[in-house]
Amino acid sequence: GSALCEKLVEHFGAAGARLTVPTRRAERAKRLAMLPTVELVETDLHDDGRLTRLLFGRDAVINLVAILHGSAEEFERVHVALPQRLARACKVAGVPRVVHVSALGAAADAPSNYLRSKAAGEAALRAAGLDLTVLRPSVIFGSGDRFLNLFAQLQAVFPLMPLAGAGARFQPVWVEDVAAAIVRSLVSPAPEVVECVGPHVYTLAELVRLAGRWSGHERPVLPLPDALGRAQAALLALLPGTPLMSADNLASMRVPNVAGGSLPGLQALGITPAALEAIGPSYLSPGR
């Protein structure tokens, strides 16, 4: 979310547009606060009054708020209740245009709290009758990402990579392409739902190996059977800080994180998605 927000600020700043960026912790976004086109506001978006006041006088809203880990209640609060509040606030403040970043695989019958709550959030915004565009990205990569960088860092430390969900399939998309899709959705007509994916599909094991190879620390990958994978996720969840993988993440990976083919892709917005191989080495290779 933060990396995508920074890229959005770059794109909109180049176009001369002004952005109001609400955040829970302003100290985490000091770089944005220094930019002349950005108004950084520390606030609680779960407060209806504060949210509505933020929206008065705005032309459009871009919703990037999301979590990857949490309880069912936390997913409900962030992915469902907040979009419901946002829809009501847009009606009161007279903001008709919303671009909402959801997730590939979001569905009411999906196997994880993450994907089901993402689908419910989309439905809440759609039911409000707003001028809505939903972007559904696969895993997002780019400089500073918490995906390929994390696997590169782990392989610099450990001689072997035990991996739950090694066969899960992804279609990674560059953060710059997702930011460009948001901007183009606002400045020109856009489909109601856009699947944001890169040109190639990989298994999780292949992505881990690429991260290790490009960073100079490729290690053997040991795929774990489902039972051991769930045990690994449970152990990781007990560690302090954000877990690498949770049981809900594993459930999400039962759904291939790839384009379905029935919905428009980035090409519908005039964007040719960049290949992972063209970008990954540029920020993972030593000295780059």
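Each remark here, short or long, concerns the structure printed above.
This report concerns the structure included in the present document. For clarity, every value in this text was computed on a predicted model and none was experimentally measured.

### Looking at the overall build of the protein
Okay, step 1: Per the secondary structure count, the protein includes eleven helices and twelve strands.
Okay, step 2: Relative to a compact globule of 288 residues, whose C-alpha radius of gyration would be 19 Å, the protein shows 19 Å and is just as compact.
Okay, step 3: Overall, the C-alpha framework of the protein stretches about 55 × 40 × 40 Å when taken along its three principal axes.
Okay, step 4: Per-residue burial for the protein yields a buried fraction of 48% across its 288 residues.
Okay, step 5: Looking at charge distribution, the protein has the averaged site of its 28 positive side-chain charges lying 2 Å from that of its 25 negative ones.

### Topic: the environment of Gln267
Okay, step 1: Of note, Gln267 is situated in the loop between helix H10 (247-252) and helix H11 (276-284).
Okay, step 2: In the structure, Gln267 is positioned 73 residues away from Val194 in sequence and 9.5 Å away in space, judged by C-alpha atoms.

### Section: a positive patch on the surface
Okay, step 1: Taken together, Arg24, Arg25, Arg28, Arg77 and Arg146 make up a surface patch of like positive charges.
Okay, step 2: By secondary structure assignment, the location of Arg28 is in the loop between strand E1 (19-23) and helix H2 (30-33).
Okay, step 3: When its relative accessible area of 65% is taken as the criterion, Arg28 is described as exposed.

### Comments concerning the sheet that holds strand E3 (residues 60-63)
Okay, step 1: The sheet built from four strands is open, its strands ordered E3-E4-E5-E10 with parallel pairing. Two strands in the sheet have a free side with no partner beyond their single neighbour: E3 and strand E10 (193-196). On average, each strand axis in the sheet is tilted by 15 degrees relative to the strand beside it, whichever way the strands run.
Okay, step 2: Relative to strand E5 (residues 131-137), strand E4 (residues 97-101) is paired through five bridges, and the arrangement is parallel. Note on E5: the bridge partner recorded for Val101 is Leu135.
Okay, step 3: Contacting E3 and E4, helix H4 (residues 72-93) crosses the sheet at an angle of about 175 degrees to E3.

### So, the packing of H4 against helix H5 (residues 113-127)
Okay, step 1: Between H4 and H5, whose axes approach to 8 Å, the crossing angle comes to 10 degrees. Taken together, H4 and H5 sit at an angle that is classed as roughly parallel. Residues Ala72, Phe75, His79, Val80, Pro83, Gln84, Leu86 and Ala87 of H4 pack against Asn113, Tyr114, Ser117, Lys118, Ala120, Gly121, Ala124 and Leu125 of H5.
Okay, step 2: Grouping the amino acids of the contact of H4 with H5 by side-chain chemistry returns ten nonpolar, five polar and one charged.

### Quick notes on the packing of aromatic side chains
Okay, step 1: Counted under the stated rule, the structure contains three aromatic pairs.
Okay, step 2: Between the aromatic rings of Phe147 and Phe170, the centroid separation amounts to 6.2 Å while the plane-to-plane angle is 55 degrees, which identifies the pairing as tilted. Of this pair, Phe147 sits in the loop between strand E6 (140-141) and helix H6 (148-157) while Phe170 sits in strand E8 (residues 169-170), placing them 23 residues apart in sequence. For the residue pair Phe147 and Phe170, the accessibility class agrees, reading buried in each case.
Okay, step 3: Ring pairing ties together the aromatic residues Phe147, Phe151 and Phe170, which thus form one cluster.

### Considering empty space enclosed by the protein
Okay, step 1: Scanning all chains against the criterion turns up one cavity of 30 Å³ or more.
Okay, step 2: The wall of the largest cavity is formed by Asn63, Val65, Val78, His79, Pro83, His100, Ser117, Lys118 and Gly121.
Okay, step 3: Tallied by class, the residues present in the lining of the largest cavity amount to three nonpolar, five polar and one charged.

### Considerations on the pairing of E1
Okay, step 1: Here E1 shows a buried face lined by Leu19, Val21 and Thr23 and an unburied face lined by Thr20 and Pro22.
Okay, step 2: The pairing of E1 with strand E2 (residues 38-42) spans five bridges and is parallel. Within E2, the residue paired with Thr23 across the bridge is Glu42.

### Considerations on H11
For an α-helix the count is 3.6 residues per turn, leaving residues at separations of three or four pointing the same way.
Okay, step 1: Taken as a whole, H11 has its buried residues at Leu276, Ile279, Gly280, Pro281, Tyr283 and Leu284.
Okay, step 2: Those residues of H11 that are buried lie in contact with E6, H6, strand E9 (173-174), strand E11 (202-203) and helix H8 (204-215).

### What to know about the nonpolar core
Buried together is how nonpolar side chains tend to be arranged in soluble globular proteins.
Okay, step 1: Core analysis: the biggest nonpolar cluster contains 31 residues, and Leu148, Phe151, Leu163, Leu204 and Leu276 have the highest contact counts within it.
Okay, step 2: Counting only elements with at least two residues in this core, the list comes to H6, strand E7 (161-163), H8 and H11.
Okay, step 3: Examining the composition of this core, we find that seven residues originate from one element, H8, more than from any other.
Okay, step 4: In terms of nonpolar packing, the next biggest core, distinct from the first, is built from 25 residues, Leu4, Leu32, Leu135 and Ile182 among them.

Rules of the game
- Residues numbered from 1 in each chain as written.
- Predicted model: local features only at pLDDT ≥ 70, side-chain atom pairs only at ≥ 80, totals over all residues.
- Heavy atoms only, no water.
- Helix = DSSP H or I, 4+ residues; strand = E, 2+ residues; numbered from the N terminus.
- Rg over C-alpha atoms; globule rule 2.2 N^0.38 Å.
- Buried < 20%, exposed > 50% of the residue type's maximum accessible area, 1.4 Å probe, protein only.
- Lys, Arg positive; Asp, Glu negative; His and termini not counted.
- Charge placed at Lys NZ, Arg CZ, Asp CG, Glu CD.
- Patch = residues over 30% accessible without salt bridge, like charges linked within 9 Å, V, L, I, M, F, W, Y side chains within 5 Å.
- Areas by Shrake-Rupley, 256 points an atom, 1.4 Å probe, with all protein chains shown as cover.
- Salt bridge = Lys/Arg side-chain N within 4 Å of Asp/Glu carboxyl O.
- Pairing = 2+ DSSP bridges.
- Axes fitted to C-alpha atoms, helices over the stretch in contact; angles between N-to-C directions.
- Contact = heavy atoms within 4.5 Å.
- Parallel < 35°, antiparallel > 145°, perpendicular 65-115°, else oblique.
- Nonpolar A, V, L, I, M, F, W, Y, C, P; charged D, E, K, R; others polar.
- Phe/Tyr/Trp six-rings, centres within 6.5 Å; stacked < 30°, edge-to-face > 60°.
- 1 Å grid on protein atoms, 1.4 Å probe; cavity = no way out; pocket = protein on both sides within 12 Å on 5 of 7 lines; lining within 4 Å.
- Points joined across faces, edges and corners; volume = space filled by probe spheres on them.
- Core = buried A, V, L, I, M, F, W, Y, C linked by side-chain atoms within 4.5 Å.

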